[in-house]
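The chain contents come next:
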Amino acid sequence: MKRPKLMPEVNAGSMADIAFLLLIFFLVTATISTDAGINRKLPKECPPGTICETSINERDILRILINDNDEIMVENELITTTELKEIVKVFIDNNGDGSCEYCNGERSPESSSNPNKAVISLQSSRQTSYQKFVEVQDALTKAYLELRNTFCKNVLKKSPNNLSKIELERVRAAYPFILSEAEVK
C-alpha cells in the first residue's frame, strides 16, 4: 500500500503577531531625525502698485560674502567664523550718529549709524556648503543674542529669561535683526 505524500506545512498563524510586535519594537526604539533649520521672519510682500525700495546709507550695510571655497569675506577681507560674531557686534552697536542711548559702540563715522539702521547683507555663492552657510547664520544670531542680553542686563536690569512680552518687544526693537540675503544696492 502506498501512502499519500503529505506536504509539510509551516504554521504561519503567529507570524503576523511576531511581525506586528517587531514593528512596534522598532517604532518605539528608533530615533526619528528632525530637520534642523533657520528660523527667520520674512518681510511682508510689497503691495502691487507701490514702490517698496528704501535707500540705505552705505555706512549702514555690513557686506558678508561666502565664496565657492567656503571662505568668509567681510568688506572684502577674509575672516574666520569666530571673528565674524565680534565684527557684527561692533558694527551693530557702533552708534555712529549718537542717537542710541544704550549703545556701547565706538561711534565710528565709517560704521553703522545705530542698531535700527544697521543692515547685514549676506551673499553666498552656489558652491557654498550648507554647513558653512548655517555656521555664518549661527554667528549672526549669536551676535544679536549677546547684544540683546547686554541690553536686558544694563537697561532693563533683568535677566533675559524673566522678561514680559512688552519688555521682550522692547529688546527686539532695540536691536532688530535686519538681515538681507538679496543683493543690497
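Everything numeric in this text was worked out from a predicted model, so none of it was measured. (Residues numbered from 1 in each chain as written. Predicted model: local features only at pLDDT ≥ 70, side-chain atom pairs only at ≥ 80, totals over all residues. Heavy atoms only, no water.)

Time to look at the packing of aromatic side chains. Enumeration according to the criterion identifies five aromatic pairs in this entry. Look at Phe-25 and Phe-26: their rings are 5.4 Å apart centre to centre, the planes differ by 70°, and that puts the pair in the edge-to-face class. Consider the rings of Phe-151 and Tyr-175, whose centres lie 6.3 Å apart with planes at 80°: the pair is edge-to-face. Linking Phe-151 in helix H3 (residues 130-156) with Tyr-175 in the loop between helix H4 (165-174) and strand S5 (179-180), this pair joins segments that are 24 residues apart in sequence. Across the pair, exposure class does not vary: Phe-151 and Tyr-175 are buried alike. An aromatic cluster is built from Tyr-102, Phe-151 and Tyr-175, whose rings are joined through pairwise contacts. (Phe/Tyr/Trp six-rings, centres within 6.5 Å; stacked < 30°, edge-to-face > 60°. Helix = DSSP H or I, 4+ residues; strand = E, 2+ residues; numbered from the N terminus. Buried < 20%, exposed > 50% of the residue type's maximum accessible area, 1.4 Å probe, protein only.)

Attention now goes to the nonpolar core. Ile-64, Leu-84, Val-88, Ile-92 and Ile-120 are the most contacted members of the largest nonpolar core, which has 29 residues in total. Contributing elements (two or more residues each) for this core: strand S1 (61-66), strand S2 (72-74), helix H2 (81-92), strand S4 (119-124), H3 and H4. Those residues in contact with Leu-84 that lie beyond four places of it in its chain are Ile-64, Val-74, Ile-79, Val-136, Ala-139 and Leu-140. (Core = buried A, V, L, I, M, F, W, Y, C linked by side-chain atoms within 4.5 Å. Contact = heavy atoms within 4.5 Å.)

Take the state of the cysteines next. The final tally for this structure, using the stated rule, is one disulfide. Each disulfide pairs two cysteine sulfurs, and for Cys-100 the partner residue is Cys-103, the sulfurs being separated by 2.0 Å. Taking the sign of the S-S torsion, about 80° here, the bridge from Cys-100 to Cys-103 comes out right-handed. Each of the two residues, Cys-100 as well as Cys-103, counts as buried. (Disulfide = S-S within 2.5 Å.)

The subject of this paragraph is the confidence of the model for the protein chain. Of all residues in the protein chain, 89% have pLDDT values of 70 or greater, and the mean over the chain is 85. Highest mean pLDDT in the protein chain belongs to S2 (93); lowest belongs to helix H1 (residues 15-29) (84). (pLDDT = per-residue confidence, 0-100.)

The next subject is the environment of Ser-99. If you trace the backbone, Ser-99 turns up in the loop between H2 and S4. Considered as a pair, Ser-99 and Asn-114 are 15 residues apart in the sequence and their alpha carbons are 6.9 Å apart. A polar side-chain atom of Ser-99 sits 2.8 Å from a polar atom in the side chain of Asp-97. Here the side chain of Ser-99 touches Asn-114 through a polar contact of 3.0 Å, side chain to side chain. (Polar contact = N/O pair within 3.5 Å; in protein donor to acceptor, adjacent residues only side chain to side chain.)

A few words now on the pairing of S4. Two elements, S1 and S4, share six bridges in a ladder whose sense is parallel. Looking at the pairing, Ile-61 lines up with Val-119 of S4. Both S4 and S5 contribute to a ladder of two bridges, which runs parallel. Looking across to S5, one finds that Ile-120 is bridged to Leu-179. (Pairing = 2+ DSSP bridges.)

Side chains three or four residues apart in an α-helix point the same way, a direct result of the helix having 3.6 residues per turn. In this model, H2 (twelve residues) spans 17 Å end to end at C-alpha, consistent with the 16 Å of a helix rising 1.5 Å per residue. Here H2 has its buried residues at Thr-81, Leu-84, Val-88, Lys-89, Phe-91 and Ile-92. Summarising the axial view, the buried residues of H2 lie within an arc of 165°, below the 170-degree limit, and thus occupy one face. Residues of H2 that are buried sit in contact with S1, S2, strand S3 (77-79), S4 and H3. (Expected span 1.5 Å × (residues − 1). Arc of directions from axis to C-beta.)

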